[in-house]
Amino acid sequence: MHNLSEDRWLDLGTLLDELVADQRISLDDRNICPPVQHEQHPLEWIASQQFADLGNPGQRLDLGTLCQWLARQAGQPYLHIDPLKIDLARLTGLMSAGFARRHGILALAADASGVTVASAQPYVRAWEADLAQVLQRPIKRVLASPVQIRQLSQTFFQVAQSVSGASQQQSMPTAAGNLEQLLELGNRGREAQANDAHIVSIVDWLLQYAFEQRASDIHLEPRRDQGQLRFRIDGVLHPVYQFPGPVTLAVVSRLKSLGRMNVAEKRRPQDGRIKTRLPGGEEVELRLSTLPTTFGEKLVLRVFDPQLLQQDFAQLGLGGADLRRWLSMLDHRHGIILVTGPTGSGKTSTLYASLKHLATPQINLCTVEDPIEMVEPAFNQLQVQPSIDLDFATGTRALLRQDPDVIMIGEIRDLETAQVAIQAALTGHLVLSTLHTNDACSAITRLLELGIAPYLLKASLIGVMAQRLVRTLCKHCKAAPASPGQSHQAVGCSECRQTGYHGRSAIYELLGISDALKARIEPDLDLLALRRLALDDGMLSLKHSGAEKVAAGQTTEAEVLRVIA
């Protein structure tokens, strides 16, 4: 234990000696120490050696473990930094980028009681007095990973600099009449300052940051005085950043330009697409959607997982008897199969996995989508375009003249589309489509309500799958059952942002149309009676599917009830 009043930078040899004394590494590992101190942080060098952790048999000393060990040695709290918990716009203004870089520190939180600052040098205190005097608040120190501090500090200050520079170049609208001025921003020969270097930098950061945080949706929402950036991660929205109003609009204009949308048109909703390439070489597609609001255009970007088409049914959460029944349905040469559930329930993932399973050189597989969510060379994909009267029904009729074997219709929304889908199924084609219903049995009543004759449903419908997405327990922190009969519990750690959950998996309700069920499909169909018969016939409910995942330790009962309630 060292005297914290000493101002001393960490020394590699000293740290290794302390690790040996604390029985965390062997003496042989200690002697690997290089003769010259490396420029990188000593803990980074030690972590790179992958020494065996004598305190945790079978484990290696990684950077996180070393930081926690050092924090205990120095008597300081350890913190794994969650970037989404940091108010970037506020905290980057507490100190200059040069000051933070020179001392290797990063402000993480600020309130009336003090400012929390992360450092990877626990015995260096020279900067504390100067910062406390400038901020007029006490400093609360925490120890964090030097890699996190360095990377986040560089990123955060670059973003703050870009936002500041962009704000100075944009005309600031007044509160009164801001709607007219906001709408006027993009009404020029080019987008409203969207090509400025600052705006380009902000957009690049925004997209890369969203990919790193596993965001499925990016929301840019203009408000009266400033715009808000939010990410949806595992089905939950997280606030990320607040931009000045004009900067928000310029960022939206930049993204609209990249998505080949009409930048000057701000009165009508528009759709667009962007394809990006990650540093690792993977391609990621984003679907853009704008919506005119009081203070400007709201933009939502849907991020499509580049591995979506490579996922198999087990990765999606479908297995066991339900998987065998689903594959038997896909083996039919003709008929219609429906996937139901609310928006964001994973229907697209299931359909694409099914189409990938069916796509062979001997099969002509065609899709009509709104929009095309993932481009796949094995499919013939048609984009719905209402502006030229190319809707689902018209597109499906066109596909029927293309000698298809399998047809996927993005969604059955009206009677005309339903009739065309049923007709295609009756004329020797396998048709897959989606509906928005609460459960599998409700899909039958929905088609009847649209106007489809019962005898056509009996002749064409193969089966219906209803599904939902539940968050899966974080493998790093989930708590084992305390006693027999209980289930795993969500705890929360740095890996899952203290939520206890990391990622999502699907639960399913699979309805096969047996002869007994066909006999019940009548104009005055009793939905409850049909559901009871389906359960007696072997259908497992969404609740039962969720209970299986709870029993397997994949999720919690509370999460299943939240999703299916």
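Residues numbered from 1 in each chain as written. Predicted model: local features only at pLDDT ≥ 70, side-chain atom pairs only at ≥ 80, totals over all residues. Heavy atoms only, no water.

As recorded in an unreviewed UniProt entry, the protein goes by the name Putative type II secretion system protein, listed as coming from Pseudomonas wadenswilerensis. Check the Sequence similarities (unreviewed entry) section of the UniProt entry for the protein; it says "Belongs to the GSP E family." (UniProt positions renumbered as here; feature names shortened; annotations may be inferred.)

Next up on the list: the environment of Gly546. Along the chain, the position of Gly546 falls in helix H21 (residues 542–551). Of the residues examined, Gly546 reaches a relative accessible area of 1% and is grouped as buried. Through-space distance from the C-alpha of Gly546 to that of Glu559 is 8.9 Å; in sequence the pair is 13 residues apart. Leave out the neighbours within four places in its chain, and Gly546 touches Ile507, Thr555 and Val560. (Helix = DSSP H or I, 4+ residues; strand = E, 2+ residues; numbered from the N terminus. Buried < 20%, exposed > 50% of the residue type's maximum accessible area, 1.4 Å probe, protein only. Contact = heavy atoms within 4.5 Å.)

So, about the domain arrangement of the protein. Looking at the protein, the domain boundaries give domain 1 (12–74) and domain 2 (308–471 + 505–564). Each of domain 1 and domain 2 has a C-alpha centre, and these two points are 54 Å apart. (Domains from an automatic or database assignment.)

Taken in spatial order, the 3 strands line up as S1-S2-S3 in an open sheet, and their pairing is mixed. The open sheet has two edge strands with one neighbour each: strand S1 (105–111) and strand S3 (139–143). In this sheet, neighbouring strand axes are inclined to one another by 25 degrees on average, regardless of whether the strands run parallel or antiparallel. As paired strands, strand S2 (residues 114–119) and S3 are joined by 5 bridges and run parallel to one another. Residue pairing for S3: Val115 is matched across the bridge by Ile139. Packing against the sheet, helix H7 (residues 126–135) makes contact with S1, S2 and S3, and its axis sits at approximately 135 degrees to S3. (Pairing = 2+ DSSP bridges. Axes fitted to C-alpha atoms, helices over the stretch in contact; angles between N-to-C directions.)

So, about the pattern of salt bridges. It is possible for side chains of opposite charge to pair when their charged atoms get near one another. Taken as a whole and assessed by the stated rule, the structure comprises 26 salt bridges. For Arg446, the salt bridge identified is with Glu449, shortest N-O distance 3.9 Å. Placement of the pair is Arg446 and Glu449 together in helix H17 (residues 440–450), with a separation of 3 residues, close to one helical turn. Overall, Arg446 belongs to the partly exposed group, its relative accessible area being 32%. Accessibility expressed as a relative area gives 63% for Glu449, which makes it exposed. Residues joined by salt bridges that share partners form a network here, namely Glu221, Arg223, Arg230 and Lys298. (Salt bridge = Lys/Arg side-chain N within 4 Å of Asp/Glu carboxyl O.)

Relative orientation of the contacting elements H21 and helix H22 (residues 557–564) amounts to 155 degrees, with a least axis distance of 9 Å. Here H21 lies roughly antiparallel to H22, going by the angle between them. H21 and H22 meet at a crossing whose hand is right-handed. Taking contact as the criterion, the partners of Leu542, Lys543, Gly546 and Val550 in H21 are, on H22, Glu557, Val560 and Ile564. (Parallel < 35°, antiparallel > 145°, perpendicular 65-115°, else oblique. Left-handed = near helix turned anticlockwise from the far one by under 90°.)

What follows is about the pairing of strand S13 (residues 406–409). In S13, alternate side chains face the same way, and those of Val406 and Met408 on one face and Ile407 and Ile409 on the other are all buried. With 4 bridges joining them, strand S11 (residues 365–369) and S13 adopt parallel strand pairing. Counted as the bridge partner of Cys366 is Ile407 from S13. Inspection of the sheet shows S13 paired to strand S14 (residues 430–435) by 4 bridges, in the parallel sense. Bridge assignment links Met408 to a residue of S14, and that residue is Leu432.

This part covers the side chain of Thr367. Following the sequence through the fold, Thr367 ends up in strand S11. For Thr367, a relative accessible area of 0% puts it in the buried group.

It is worth spelling out the environment of Ile513 at this point. With respect to the helices, strands and loops of the structure, Ile513 is situated in the loop between strand S16 (501–512) and helix H19 (515–520). Taking the C-alpha atoms as reference points, Ile513 and Gly259, separated by 254 residues in sequence, lie 43 Å from one another.

Low pLDDT means the predicted atomic positions in that stretch should not be read closely. Per-residue pLDDT for the protein averages 86, and the proportion of residues at 70 or more is 92%. For residues 171–192, every residue scores under 50 in pLDDT, and the model assigns this stretch 38 contacts once sequence neighbours within four places are set aside. (pLDDT = per-residue confidence, 0-100.)

Unfilled space is identified by rolling a water-sized probe across the atoms. Quantified by volume, the second largest pocket comes out at close to 630 Å³. What lines the second largest pocket is a set of 24 residues, among which Pro83, Leu152, Tyr209, Glu212 and Gln213 lie closest to the centre. Those elements that provide at least two residues to the lining of the second largest pocket are helix H8 (146–169) and helix H10 (197–212). It is H8 that provides the largest number of residues to the lining of the second largest pocket, a total of 8 residues. By residue class, the composition of the lining of the second largest pocket is 7 nonpolar, 11 polar and 6 charged. (1 Å grid on protein atoms, 1.4 Å probe; cavity = no way out; pocket = protein on both sides within 12 Å on 5 of 7 lines; lining within 4 Å. Points joined across faces, edges and corners; volume = space filled by probe spheres on them. Nonpolar A, V, L, I, M, F, W, Y, C, P; charged D, E, K, R; others polar.)

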